[in-house]
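# Observations on chain architecture
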Amino acid sequence: MKGGPSRAYRMAARAESTAATGERILASALVLFWERPTDQISLADVAARAGVSVQTVIRRFGGKEGLFEALADRERRRIVAQRDAAPAEDPVRAVEVLFDHYEDVGDKVLRLLEEASRVPGLRAVVEEGRRYHRAWCARVFAPALTGRHGTDRDRRLAQLVAVCDVYMWKLLRRDAGLSRRQAELAVVELLDPLLE
């Protein structure tokens, strides 16, 4: 057998190293993404932070656009895994899960929303996030939509989406200065009449 187990081991080790390098590059890009506007991030910045060459970043992701697409995909999967832990038909727990997410990245998401108006590539990320949030609300609060149709259902879903939006979190936590517990309670109280 040509190469044998030794060759297979080297190939597996190389694949693991390549995957680890890709993750290190993505992690570095994420840190930079949250530190400064997207148009102020260069591949050289990402490479330096990740401890690799610019050529390695290009070889792995094909350039800045490919890098940010891969980063958006990774973060989307992480966010979905976090938020999908919210059970349907348990609004208190759903709001806790939602606040776990907002406490983790809410301020960053607000910056992303503001930046998306200037950076065309971010608009698609923002729109996908809005679609996911709407679908999440429809799943988690499904009983509030049962038996509703057409504009009646659309209006109720829009209300649920608005109450659970990152801007509501901002208004309660940042602008009003409520504690996390009080802000969660406020959202649950706003949801109560919509869930009857």
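That block above? That's the structure.
So, a few notes on the structure that sits alongside this text. From a predicted model like this one, the values you see are computed outputs, not experimental measurements.

The rules we used
Residues numbered from 1 in each chain as written. Predicted model: local features only at pLDDT ≥ 70, side-chain atom pairs only at ≥ 80, totals over all residues. Heavy atoms only, no water. Helix = DSSP H or I, 4+ residues; strand = E, 2+ residues; numbered from the N terminus. Rg over C-alpha atoms; globule rule 2.2 N^0.38 Å. Buried < 20%, exposed > 50% of the residue type's maximum accessible area, 1.4 Å probe, protein only. Core = buried A, V, L, I, M, F, W, Y, C linked by side-chain atoms within 4.5 Å. Contact = heavy atoms within 4.5 Å. Expected span 1.5 Å × (residues − 1). 1 Å grid on protein atoms, 1.4 Å probe; cavity = no way out; pocket = protein on both sides within 12 Å on 5 of 7 lines; lining within 4 Å. Points joined across faces, edges and corners; volume = space filled by probe spheres on them. Nonpolar A, V, L, I, M, F, W, Y, C, P; charged D, E, K, R; others polar. Polar contact = N/O pair within 3.5 Å; in protein donor to acceptor, adjacent residues only side chain to side chain. Salt bridge = Lys/Arg side-chain N within 4 Å of Asp/Glu carboxyl O.

## Things to note about the overall build of the protein
The number of helices and strands found in the protein is 10 helices and zero strands. Taken over C-alpha atoms, the radius of gyration comes to 21 Å for the protein, far larger than the 16 Å a tight globule of 196 residues would show. Projected onto its principal axes, the C-alpha positions of the protein cover 70 × 45 × 35 Å. For the protein, with 196 residues in total, the buried portion stands at 38%.

## Overview of the nonpolar core
Counting residues in hydrophobic clusters, the biggest one holds 56 residues, and the most contacted among them are L67, W136 and F141. Broken down by element, this core gets its largest block of residues, 12 residues, from helix 5 (residues 91-116). Each residue touching W136, except ones within four places of it in the same chain, is listed here: R83, D84, A86, A94, L98 and F141.

## Structural notes on helix 8 (residues 150-163)
The first and last C-alpha atoms of helix 8 sit 20 Å apart over 14 residues, in line with the 20 Å expected at 1.5 Å per residue. If you follow the buried residues of helix 8, they end up packed against helix 6 (120-140), helix 7 (142-145), helix 9 (166-175) and helix 10 (180-195).

## With respect to the layout of surface pockets
For the largest pocket, the calculated volume is near 1000 Å³. Around the largest pocket sit 37 residues that line it, and L112, L122, V125, V126 and G129 are the ones nearest its centre. Within the residue set of the lining of the largest pocket, elements represented by two or more residues are helix 1 (4-35), helix 4 (64-83), helix 5, helix 6 and helix 9. Classifying every residue of the lining of the largest pocket gives 22 nonpolar, five polar and 10 charged.

## Points about the environment of R123
By the secondary structure assignment, R123 is in helix 6. Residues R123 and E35 lie 88 residues apart in sequence; the distance between their C-alpha atoms is 19 Å. A distance of 3.2 Å separates a polar side-chain atom of R123 from the backbone oxygen of A116.

## Some thoughts on the pattern of salt bridges
Going through the model one piece at a time under the given rule, you end up with 20 salt bridges. Here R180 makes a salt bridge to D100, at a shortest N to O gap of 2.5 Å. Taken together, the residues span a long stretch of sequence, with R180 in helix 10 and D100 in helix 5 at a distance of 80 residues. Residue R180 is classed as partly exposed on the basis of its relative accessible area of 27%. Members of the salt-bridge network, linked through shared partners, are E23, R74, E75, R78 and D104.

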